[in-house]
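Read off the chains here:
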Amino acid sequence: MSFNPKEYPPNWKEIRVRVLARAGNCCEGSPKFPNCRAENHKPHPVTGSKVVLTIGHLNHDKENHDVKDEELKAWCQRCHLSYDGKVHAQNRKYGRNHKKNNFKLDL
């Protein structure tokens, strides 16, 4: 998914810096890849692609502006996509606004 600043808290940049610092500027791993520690801006040890760490919402609720740091993870692209895979599939199937239209997720 692309980043839309309107969907995130106004202090998202500060939150991002805190989460990356907590993670030591490395991927925190996902359930599928728990030992991933890919480093930001370096080649991924498995895929070889340049790592750009993203901040992922564990509950998939990026519109929650009261989000706590414990509900966020620093992830490489591979870990973030593996964690959000089912949500991405639902978005493709029902459209991005399926929650607002009362569609039930098949998670």
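Structure's up top.
What this report covers is the structure whose coordinates are included nearby. Every value quoted in this text rests on a predicted model; they were computed, and no experiment measured them.

1. A look at the packing of aromatic side chains
- Summed over the entire model, instances satisfying the criterion amount to 2 aromatic pairs.
- Between Tyr8 and Trp12 the ring centres are 4.8 Å apart and the planes differ by 55 degrees, which places this aromatic pair in the tilted class. Taken as a pair, Tyr8 and Trp12 share a single burial class, namely buried.
- With a centroid separation of 4.7 Å and 40 degrees between ring planes, the pair formed by Trp75 and Tyr83 is classed as tilted.

2. Examining the pattern of salt bridges
- This structure, assessed with the given rule, holds 3 salt bridges.
- Across the pair Asp69 and Arg18 runs a salt bridge whose closest N-O atoms are separated by 2.8 Å. Residue Asp69 is located in the loop between β1 (54–57) and β2 (72–75), and its partner Arg18 is located in helix α1 (residues 12–22); the two are separated by 51 residues in the primary sequence.
- In this structure Asp69 comes out as buried when scored by relative accessible area, which is 18%.
- According to the relative accessible area criterion, Arg18 is partly exposed, its value standing at 41%.

3. Considering the nonpolar core
- Cys27, Ile55, Leu72 and Cys76 are the most contacted members of the largest nonpolar core, which totals 18 residues.
- Of all the secondary-structure elements, those providing two or more residues to this core are α1 and β2.
- With 4 residues, the top contributor of residues to this core is α1.
- Other than its neighbours up to four places away in sequence, Cys27 contacts Cys36, Arg37, Ala38, Leu53, Ala74, Trp75, Cys76 and Cys79.

4. Remarks on the state of the cysteines
- Scanning all chains against the criterion turns up 0 disulfides.
- Not engaged in a disulfide, the cysteine Cys27 finds its nearest cysteine sulfur in Cys79; these two sulfurs lie 3.6 Å apart.
- Here Cys27 falls in the buried class, since its relative accessible area comes to 1%.

Conventions used here
- Residue numbers here run from 1 along each chain, matching the order of that chain's written sequence.
- Totals for whole chains, interfaces and linings use all residues, but because this is a predicted model, local features are given only for residues with pLDDT of at least 70 and pairs of side-chain atoms are given and counted only at 80 or more.
- Side-chain metrics rest on all non-hydrogen atoms present in the structure, leaving aside hydrogens and water.
- Centres within 6.5 Å are what make two rings of Phe, Tyr or Trp a pair, Trp counting through its six-membered ring; a difference in plane orientation under 30 degrees is then read as stacked, over 60 as edge-to-face, and the rest as tilted.
- Working definition: with a 1.4 Å probe on protein chains only, accessible area under 20% of the residue-type maximum means buried, over 50% means exposed, and in between means partly exposed.
- The salt bridge criterion pairs a side-chain nitrogen of Lys or Arg with a carboxyl oxygen of Asp or Glu, the two atoms within 4 Å.
- For the purposes of this entry, the term helix denotes a DSSP run of H or I that reaches at least four residues, the term strand denotes a run of E that reaches at least two, and both are numbered from the N terminus.
- In plain words, nonpolar cores are sets of buried Ala, Val, Leu, Ile, Met, Phe, Trp, Tyr and Cys residues tied together by side-chain atoms within 4.5 Å.
- Throughout, a contact is declared for two residues whenever any of their heavy atoms are within 4.5 Å.
- Throughout, a disulfide means two cysteine sulfur atoms within 2.5 Å of one another.

Geometric values such as these leave the question of function open.
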